[in-house]
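# Structural overview for review
One-letter residues, chain by chain:
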Amino acid sequence: MKALLFLFLTTCPLLAQPANILVIVAGDLGADSFPLTATGGTQASMPNLTALKNSGVLFTNAHSQPTCSPTRASILTGRHPFRTGIGAQLTGATSPQLSAAEFTLPEAFTTNAGLGFSMAMFGKWHLNAGAGTNDTPRTIGGWPHFAGAIAGAIPDYSAWTKVVNNVATVTTEYATTDTANDVISFIQAQPPGTPWFAWAAFHAPHAPLHVPPAHLHSYGTPTTNRGMYEAMCQALDTEVGRVLSAVNLADTHVIFLGDNGTGRDGKGTVTELGARVPLIVRGPGVAKDTVTDELASVSDIFPTLAELAGAKLPSDRELDGVSLVPTLHDPAAPHREWIFSYLTDRRMLRDKRWL
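Source: prediction; values computed, not measured.

Two pairing modes exist for strands in a sheet, parallel and antiparallel, and in both the strands are linked by backbone hydrogen bonds. Taken in spatial order, the ten strands line up as β7-β6-β5-β4-β8-β2-β9-β10-β3-β11 in an open sheet, and their pairing is mixed. Strands at the two margins of the open sheet, each flanked by one partner only, are β7 (167-171) and β11 (290-297). Here the strands of the sheet are splayed against their neighbours by 15° on average, with no regard to which way each runs. In this structure, strand β3 (residues 57-63) lies alongside β11, joined through six bridges in parallel fashion. Bridge pairing links H63 to S297 in β11.

Encoded structure:
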């Protein structure tokens, strides 16, 4: 256990009976490819995520880091990449890794054991690489249970290495379906009255581009890259809908977001196409069917979930995230004056003049 000093968040109405928490992350789904935020071109129909927006708040100016590993580190720590050292996607053992010295979101929950959350992570990790890293979602990330892929891109959605708590096997289960199955099994196994926190990091619609199983989409057999990408988006939406149908939404906070811009021509650039992502939040007390153009950052997820759960934040380190809770209750409430996206050799700073 890390020796830390803590600052207690006083959100009394939320501390008595914390709601469940479900975080859903989509790989390589930028705002330009999401039907509720795109302004041109074609996008997949995503009715389940559209319904999620209808019961919550859609942020049209949410920003990530331009690649997946830095974004995931920012969500887990509430800190910018220059603080965690992860300024680019991990490609091997020599890449900067998530350090055990970082205080992660699940550790904020377990430090206050009185909250009683059951926690698990599913899907894509991509924060440690090289030999001996199969258990890092637990030993470094702080998740009590992990099932998914350690590396970034899987070689084939129907033939990939799955790790379950440090045990690796090759599976032929379609990856998007596999993640949904694991999340649903975890939720259904929770005893009544026990709050849970599940993180579902789907690979889709990240490459390799392919045609998903036919029952998950309506695109037939697309032959273009864009057609396959949109079919993967729709397959993701179908499986997210299945997960949401297993959740009691009356007492669950749900956050859906993309991890970086679309791989087409934005990912890896400190531009709007590289960093602007969809973000939807719904849950008890959250405004319904609302759109806000307030700036938001992926680093804001950490303090937001901590406040919603009544968890404790570290006071011995700099946090860059700002809780979204006031904006969730009143989408017109001011949130951020500026946002910051970072790659190892590039930076992007945007303020509210450019909404």
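Once that is clear, we can look at the nonpolar core. F59, W125, F197, W199, L279 and L305 are the most contacted members of the largest nonpolar core, which has 51 residues in total. The leading source of residues in this core is helix α10 (residues 301-309), at six residues. Not counting residues up to four positions away in its chain, the partners in contact with L305 are I21, V23, L105, F109, F197 and I255.

Below, the discussion takes up the side chain of T77. Mapped onto the secondary structure, T77 falls in helix α3 (residues 68-77). Classification of T77 by relative accessible area gives buried; the value is 0%. Polar side-chain contacts of T77 include one of 3.2 Å to the backbone nitrogen of R79. Dropping the residues within four chain positions of it, T77 is found in contact with T84, L98, E102, F103, F302 and L319.

This next bit is on the state of the cysteines. The full count for this structure, using the stated rule, is zero disulfides. The closest cysteine sulfur to the non-disulfide-bonded C68 is located on C233, 16 Å from its own sulfur. Assessed through its relative accessible area of 0%, C68 is described here as buried.

Here is what the cut-offs are and how they apply
- Residues numbered from 1 in each chain as written.
- Predicted model: local features only at pLDDT ≥ 70, side-chain atom pairs only at ≥ 80, totals over all residues.
- Heavy atoms only, no water.
- Pairing = 2+ DSSP bridges.
- Helix = DSSP H or I, 4+ residues; strand = E, 2+ residues; numbered from the N terminus.
- Axes fitted to C-alpha atoms, helices over the stretch in contact; angles between N-to-C directions.
- Core = buried A, V, L, I, M, F, W, Y, C linked by side-chain atoms within 4.5 Å.
- Buried < 20%, exposed > 50% of the residue type's maximum accessible area, 1.4 Å probe, protein only.
- Contact = heavy atoms within 4.5 Å.
- Polar contact = N/O pair within 3.5 Å; in protein donor to acceptor, adjacent residues only side chain to side chain.
- Disulfide = S-S within 2.5 Å.

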